[in-house]
Amino acid sequence: MCGIIGYVGGKPAVEVALEGLRRLEYRGYDSAGIAVVDPDGSLRTRRRAGKLANLEKVLAETDGWAGTTGMGHTRWATHGGPTDANAHPHVDCTGTVAVIHNGIIENFAALRAELERAGHQLASETDTEVVAHLIEDALSAAEPTVTIADALRVVCGRLEGAFTLVVTHSGSPDTVVAARRNSPLVVGLGDGETFLASDVSAFIAHTRAALEIGQNQIVEATRAGVTLTDFAGTPVEGRPFHVDWDVSAAEKGGFPYFMLKEISEQPTALADTLRGRLSDDGGIVLDEERLSEQDFRDVDKVFIVACGTAYHAGLIAKYAVEHWTRLPCEVEMASEFRYRDPVLDRSTLVIAISQSGETLDTLMAIKHAREQKARVLAICNTNGSTIPRESDAVLYTRCGPEVGVAATKTFLGQVAACLLVGLFLAQVRGVLYGDEVGANVAMLQQMPGLVEQTLATIEPVRALARELADAKAVLFLGRHVGYPVALEGALKLKELAYMHAEGFPAGELKHGPIALIEPGLPVVVIVPSPRGRSVLHGKIVSNIQEVRARGARTIVIAEEGDTDVEPYASHIIRVPRTPTLLAPLVTTLPLQVLACEIALARGLDVDQPRNLAKSVTVE
Ligand code: M6R
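Here, residues in each chain are numbered from 1, in the same order as that chain's written sequence. Predicted model: local features are reported for residues with pLDDT of at least 70 only, side-chain atom pairs are reported and counted for 80 or more only, and whole-chain, interface and lining totals are derived from all residues. To obtain the side-chain values, all non-hydrogen atoms of the structure were included, while hydrogens and water were left out.

A. Main features of the sheet that holds strand β25 (residues 571–575). Overall, parallel pairing links the five strands, which are arranged β22-β21-β23-β24-β25 in an open sheet. Each of the sheet's edge strands pairs with one partner strand only, and the pair in question is β22 (500–505) and β25. In this sheet, neighbouring strand axes are inclined to one another by 20° on average, regardless of whether the strands run parallel or antiparallel. Between any two strands, pairing holds if DSSP finds at least two bridges. A run of H or I in DSSP becomes a helix once it reaches four residues, and a run of E becomes a strand once it reaches two; helices and strands are each numbered from the N terminus. Across five bridges, strand β23 (residues 522–526) lies against strand β24 (residues 553–559) in parallel orientation. Each residue of the ladder has a partner; that of V524, found in β24, is I555. In this description, a line fitted to the C-alpha atoms serves as the axis of each element, helices being fitted only across the stretch in contact, and the angle between N-to-C directions of two axes falls anywhere from 0 to 180 degrees.

Structure, rendered in structure tokens:
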């Protein structure tokens, strides 16, 4: 949700910023802009509505910009439409201060009215622009020795809401300053150059040495590195970390879309999530554990909070957590969690699942949980992000960067990580014996191979997708862990192909949604293994017959050897045999491919679907 890069060093800032924006464009693509401070102290800006390519076109017609201090922004619009005027950077009345922003300044209307009363001319509809004018006031009101960082500190004291702000000032040509509160910001430390960015992908081509920045902090970046202070001006320390993937991971690697690459990477991503999780004594190992085993033993209830695809991973986890630990487990959409005042105390374990580690709804949910004394364990894919930092323990999914807006490989990583947490809880609480935990882990470790096998036979799904490209709607049905898989299949189709799609528990259909069935309507059914919960299997075969009898085109996902479904299936998609709780790791794959291929057949950009952004840092 808005991508930000700031740079100070020896290279042309416009080039560094554009390269960073290319990697950050997945965060928002409504408009893009750039600001560079030239060595003579003049501030130059350019911005354009639409994708980054529009800005690149303008810059190609511009004379070379010599400045080596600058910043760039790619926007996901919140306040004001995606126009040139609302694109960042925003400047003050003097044209010497430029600001880019990710987040929402909640009190901007009051601040804007105050600024306008004082004679400032505001040129956009954004919440961001007020910051440029407030900095202008802070600089002019203060002693001439006051720095741009001091001015930003004063202004942050007046802002409500969430923000990452990056500021360049013509009076400080060798410095870029930034502030963060509840919005992402990482520092890249190069050789004689420093980067500020929404995530490490923006500077990974230059350095893998990064610094995590805490909440409510100001960063002053120069070529030599950074100085960090809190909003009161007290010096603070960042947490250094090394980025354990390189620039090739953030490139398409010969695939036309990142999503296709990321789908194909799933066997490796899953194997990486599982790698090294078993200790010598057969126990499960988390990454950063600031909770004792006793804390886990004291847990009497589990909440899982997450959004979108991560929420679906949580719904799958519920079945395993309750089955293995015998603890009650509730799964909540993070955006609803704190508003319904859930019953939490120090014996509650809240598991927060987030690929980006920056989803503001999830972050606010865990803050609320910790205020109520609950323990928080994060499952996250992004090292250096906020949610792990604000949690008591973390398990990284280690799937590598995911650039396509639609989550694919990280969903598999999240499901696997949740299963590991379930086993970990069962182990420390003594509900499962070591050999039982080990047997489950051994089954999990077979899954990357089965994922690979499933992807190797996925070609017919692409052909089927092309046939379905003109369908008006698609329904997805599942039972048990197949129900969240159905929800995930429907979400993928909505976000990528802009088609009406719904996921239902198959048994619920007859209570209303069956009225939607009309001749030819595609209905995808995720069938549980006949060898596992056989009652479920029999029931869903009846459900397939019910929709088929009403004319639906039934697309059945069933494991190898399940012949019971054959008479009622218009199409069968086979997946390998797996234990019931692990089946989502393979049954989800055809649904990802189906949605992706339908979208491609409809001529859509599957990496950057309309209205969306990869990382949602507003509530
Ligand atoms: O970064 P997160 O995992 O917290 O993101 C949560 C959702 O916004 C995300 O899963 C979203 O639903 C995806 N676009 C789905 O493909």
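From this point on, the discussion continues.
B. Fine view of the site of the ligand. Neighbouring the ligand are 15 residues, the closest being S354, Q355, S356, T359 and E495. Two N or O atoms form a polar contact when they lie within 3.5 Å of each other; inside protein one atom must be a possible hydrogen donor and the other a possible acceptor, and for residues adjacent in sequence the pair counts only when both atoms belong to side chains. Here an oxygen atom of the ligand sits 2.8 Å away from a polar atom, N or O, in the main chain of A407. When contributions to the shell around the ligand are tallied by element, the ones reaching two or more residues are α9 (308–325) and α16 (482–497). Polar here means any residue outside two lists: the nonpolar Ala, Val, Leu, Ile, Met, Phe, Trp, Tyr, Cys and Pro, and the charged Asp, Glu, Lys and Arg; Gly therefore counts as polar. By residue class, the composition of the shell around the ligand is six nonpolar, seven polar and two charged. Domain start and stop positions are those given by an automatic or database domain assignment. Counting the residues that make up the shell around the ligand, at least three belong to each of domain 2 (258–445) and domain 3 (456–601). Definition of nearness: a residue and a molecule or strand are near each other if at least one heavy atom of the residue lies within 4 Å of the molecule or strand.

C. Layout of the packing of helix α3 (residues 108–117) against helix α4 (residues 129–141). In the contact formed by α3 and α4, the axes pass within 10 Å of each other and the chain directions differ by 50°. Considering the angle they form, α3 stands oblique to α4. Crossing hand, α3 versus α4: left-handed. For the pair α3 and α4, the contacting residues are F108, L111, R112 and L115 in the first and V130, H133, L134 and D137 in the second. Each angle gets one of four labels, with under 35 degrees taken as roughly parallel, over 145 as roughly antiparallel, 65 to 115 as roughly perpendicular, and the rest as oblique. The sense of a crossing depends on the near helix, which, turned anticlockwise from the far helix by less than a right angle, makes the crossing left-handed and, turned clockwise, makes it right-handed. Only heavy atoms matter for contacts: two residues are in contact if any of them lie within 4.5 Å across the pair.

D. Up close: the pattern of salt bridges. Within this document, salt bridges are pairs made up of a side-chain nitrogen of Lys or Arg and a carboxyl oxygen of Asp or Glu, the two lying within 4 Å of each other. Evaluated as defined, the whole model comprises 34 salt bridges. E19 is paired through a salt bridge with R23; the nearest N and O atoms lie 3.8 Å apart. Within this pair, E19 and its partner R23 are both found in helix α1 (residues 13–24), separated by four residues, close to a single helical turn. One connected set of salt bridges, linked through shared partners, spans K301, E330, E332 and R340.

E. Representation of the domain arrangement of the chain in the model. Splitting the chain by domain gives domain 1 (3–250), domain 2 (258–445) and domain 3 (456–601). Computed over C-alpha atoms, the centres of domain 1 and domain 2 are 33 Å apart. At the junction of the two partners, domain 1 supplies 18 residues and domain 2 supplies 17 residues. Accessible area, probed at 1.4 Å, shrinks when two parts are joined; the buried area is that loss added up over both. The largest per-residue losses of area from domain 1 upon contact with domain 2 belong to Y26, N182 and E212, which jointly make up 33% of the total buried on that side. Remark: the boundary between domain 1 and domain 2 carries one salt bridge. R389 serves as the salt-bridge partner of E212, at 2.7 Å between the closest nitrogen and oxygen.

F. Looking closely at the packing of aromatic side chains. Side-chain rings of Phe, Tyr and Trp, where Trp is taken by its six-membered ring, are said to pair if the distance between their centres is within 6.5 Å; with planes under 30 degrees apart they count as stacked, over 60 as edge-to-face, and otherwise as tilted. Evaluated as defined, the whole model comprises five aromatic pairs. Aromatic side chains Y7 and F195 sit 5.1 Å apart centroid to centroid with 45° between the ring planes, which places their arrangement in the tilted category. Placement of the pair is Y7 in strand β1 (residues 3–8) and F195 in strand β10 (residues 194–197), with a sequence separation of 188 residues. Pair check on accessibility: Y7 and F195 agree, each one buried. Ring geometry for F296 and F424: centres 4.8 Å apart, planes at 90°, overall edge-to-face. Here F296, found in helix α8 (residues 293–297), pairs with F424, found in helix α13 (residues 409–428); they are 128 residues apart in sequence, far enough to count as distant. On the basis of relative accessibility, which here comes to 2%, the residue F424 falls in the buried class. Each residue gets one of three labels from its accessible area relative to the maximum for its type: buried under 20%, exposed over 50%, partly exposed in between, using a 1.4 Å probe on protein chains only.

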